[in-house]
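These are the residues of each chain, in order.
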Amino acid sequence: MRLLLIRHGQTPSNVAGRLDTAVPGPGLTELGLAQAAAIPRALERESIDAVFASTQLRAQLTATPLVESLDAPLAVRDGIREIDAGDLEMRNDWDAVMEYHRASFAWVDGELDECVPGGENGHSVFDRFDAVVDEAAALGEKTVAIVAHGQVLRVWAAARTRATQQFASENPLHNTGMIVMDGTPRQWSLVEWHSAPLGGDNLDVGISGGPGGTAARVR
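So, a few notes on the structure that sits alongside this text.

Calculation rules
- Residues numbered from 1 in each chain as written.
- Predicted model: local features only at pLDDT ≥ 70, side-chain atom pairs only at ≥ 80, totals over all residues.
- Heavy atoms only, no water.
- Phe/Tyr/Trp six-rings, centres within 6.5 Å; stacked < 30°, edge-to-face > 60°.
- Helix = DSSP H or I, 4+ residues; strand = E, 2+ residues; numbered from the N terminus.
- Buried < 20%, exposed > 50% of the residue type's maximum accessible area, 1.4 Å probe, protein only.
- Pairing = 2+ DSSP bridges.
- Expected span 1.5 Å × (residues − 1).
- Bend = angle between axes of the 7 residues up to and from the residue.
- Contact = heavy atoms within 4.5 Å.
- Core = buried A, V, L, I, M, F, W, Y, C linked by side-chain atoms within 4.5 Å.
- Polar contact = N/O pair within 3.5 Å; in protein donor to acceptor, adjacent residues only side chain to side chain.

## What about the packing of aromatic side chains?
Here is step 1 of the chain: Applying the stated rule across the entire model yields three aromatic pairs.
Here is step 2 of the chain: Measuring from centroid to centroid gives 5.0 Å for phenylalanine 167 and tryptophan 193, while their planes differ by 85°, and the two rings are edge-to-face. Here phenylalanine 167 is found in helix H8 (residues 165-170), whereas its partner tryptophan 193 is found in strand E6 (residues 187-194), with 26 residues between them in sequence.
Here is step 3 of the chain: On the accessibility criterion, phenylalanine 167 (27% relative accessible area) is partly exposed.

## Things to note about the pairing of strand E4 (residues 143-148)
Here is step 1 of the chain: For E4, a buried count of six out of six residues is recorded, marking the element as mostly surrounded by other parts of the structure.
Here is step 2 of the chain: Burial along E4 is two-sided: the face carrying Thr143, Ala145 and Val147 and the face carrying Val144, Ile146 and Ala148 are both buried.
Here is step 3 of the chain: Across four bridges, strand E2 (residues 50-54) lies against E4 in parallel orientation. From the neighbouring strand, valine 51 faces E4, where its bridge partner is alanine 145.

## Some thoughts on helix H4 (residues 57-70)
Here is step 1 of the chain: The first and last C-alpha atoms of H4 sit 20 Å apart over 14 residues, in line with the 20 Å expected at 1.5 Å per residue.
Here is step 2 of the chain: In H4, a bend of some 35° at threonine 64 exceeds every other bend along the element, and proline 65, a proline, comes one to four places later.
Here is step 3 of the chain: On its buried side, H4 packs onto strand E1 (2-7), helix H2 (30-37), helix H3 (39-42), E2, strand E3 (74-77) and E4.
Here is step 4 of the chain: Where H4 ends, the next residue or the one after it, aspartate 71, has phi of about 55°, a positive value.

## Let's talk about the nonpolar core
Here is step 1 of the chain: With 43 residues, the main nonpolar core has Leu3, Leu5, Phe52, Ile146 and Trp156 as its most contacted residues.
Here is step 2 of the chain: Among the elements of the structure, E1, E2, helix H5 (94-105), helix H6 (122-138), E4, helix H7 (150-160), strand E5 (178-184) and E6 are those that each provide at least two residues to this core.
Here is step 3 of the chain: Ranked by residue count, the leading element in this core is H7, at seven residues.
Here is step 4 of the chain: Dropping the residues within four chain positions of it, leucine 5 is found in contact with Ile146, Leu153, Trp156, Ala157, Gly177, Met178, Ile179 and Met181.
Here is step 5 of the chain: Grouped together as the second largest cluster of nonpolar side chains are 16 residues, Leu4, Ile6, Ala145 and Leu198 included.

## Side note on the pairing of E5
Here is step 1 of the chain: Within E5, five of the seven residues are buried, leaving the element largely enclosed by the surrounding structure.
Here is step 2 of the chain: Of the strand pairs in this sheet, E1 and E5 are connected by five bridges, and their pairing is antiparallel. If you follow arginine 2 over to E5, its bridge partner there is aspartate 182.
Here is step 3 of the chain: The pairing of E5 with E6 spans seven bridges and is classified as antiparallel. In the sheet register, glycine 183 faces E6, and the bridge partner there is tryptophan 188.
Here is step 4 of the chain: The turn joining E5 and E6, which pair antiparallel and follow one another in sequence, is formed by two residues; a positive phi near 75° is taken by arginine 186.

## Examining the side chain of threonine 62
Here is step 1 of the chain: Among the secondary structure elements, threonine 62 is positioned in helix H4.
Here is step 2 of the chain: Within the structure, the side chain of threonine 62 is placed 2.9 Å from the backbone nitrogen of glycine 9, a separation counted as a polar contact.
Here is step 3 of the chain: Not counting residues up to four positions away in its chain, the partners in contact with threonine 62 are Arg7, His8, Gly9, Leu28, Ala36, Ile39, Val147 and Thr176.

## A word on unusual backbone geometry
Here is step 1 of the chain: Here valine 23 and proline 24 are connected by a cis peptide whose omega angle stands at 10°.
Here is step 2 of the chain: Note that proline 24 resides in the loop between helix H1 (12-16) and H2.
Here is step 3 of the chain: Its identity is not glycine, yet aspartate 71 carries a phi of approximately 55°, on the positive side.
Here is step 4 of the chain: Along the chain, the position of aspartate 71 falls in the loop between H4 and E3.
Here is step 5 of the chain: A relative accessible area of 73% places aspartate 71 in the exposed class.
Here is step 6 of the chain: Here the phi dihedral of methionine 90 falls at roughly 70°; this positive angle occurs in a residue that is not glycine.
Here is step 7 of the chain: By the secondary structure assignment, methionine 90 is in the loop between E3 and H5.

## Let's talk about H6
Here is step 1 of the chain: The end-to-end C-alpha separation of H6 is 24 Å, in line with the 24 Å expected for 17 residues at 1.5 Å each.
Here is step 2 of the chain: The inward-facing, buried residues of H6 abut E1, E2, E3, E4, H7 and E6.
Here is step 3 of the chain: N-cap assignment for H6: the residue whose side-chain oxygen lies 3.1 Å from the backbone N of histidine 123 is asparagine 121.
Here is step 4 of the chain: Among the residues trailing H6, glycine 140 stands out with phi positive, at a value near 80°.

Listed below in structure tokens is the structure:
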């Protein structure tokens, strides 16, 4: 099974650097729509069997051009939504962003009891994300695109491929960046970690893509 883990396009909250994790959340900016529109051509060599997106609007809007190009349905699942920021919701100060990163990146090293203040621990997040991947595997899909969110994708992918916390924290996933994994549930290998937008550098805004897409020095 091949997983294409794609971060959503740019949102107004990304521009403001806010920890915006509520459902349904914001839509896309003009740039975000352009980033989404570039995905089908960027992935035209992939034989995609299914596309999943989270219950957050930005993920569904990002996935729409892809499913339209494939003439395929979009499977919307709550299990792949962004990590709940809890008490840090809508903050954009450095302390809040670093605390969000500290707690969630700890899960990569197996510290699943760590909890985002007022939010989720690693057990909850990994269980819900695993359930969606298990569902796709049970359907026998060979290549699955999952359009979701920067932090949950970085943390889950690093943990499941045994990448280090340092690697995950120092390698950002900008809007419509993509992580590629091969394997089976609970036994994955990391094929590619492409930080830049699938449409190319002309669609990249770097760290202004929001906290889920930034590099972080975990304390």
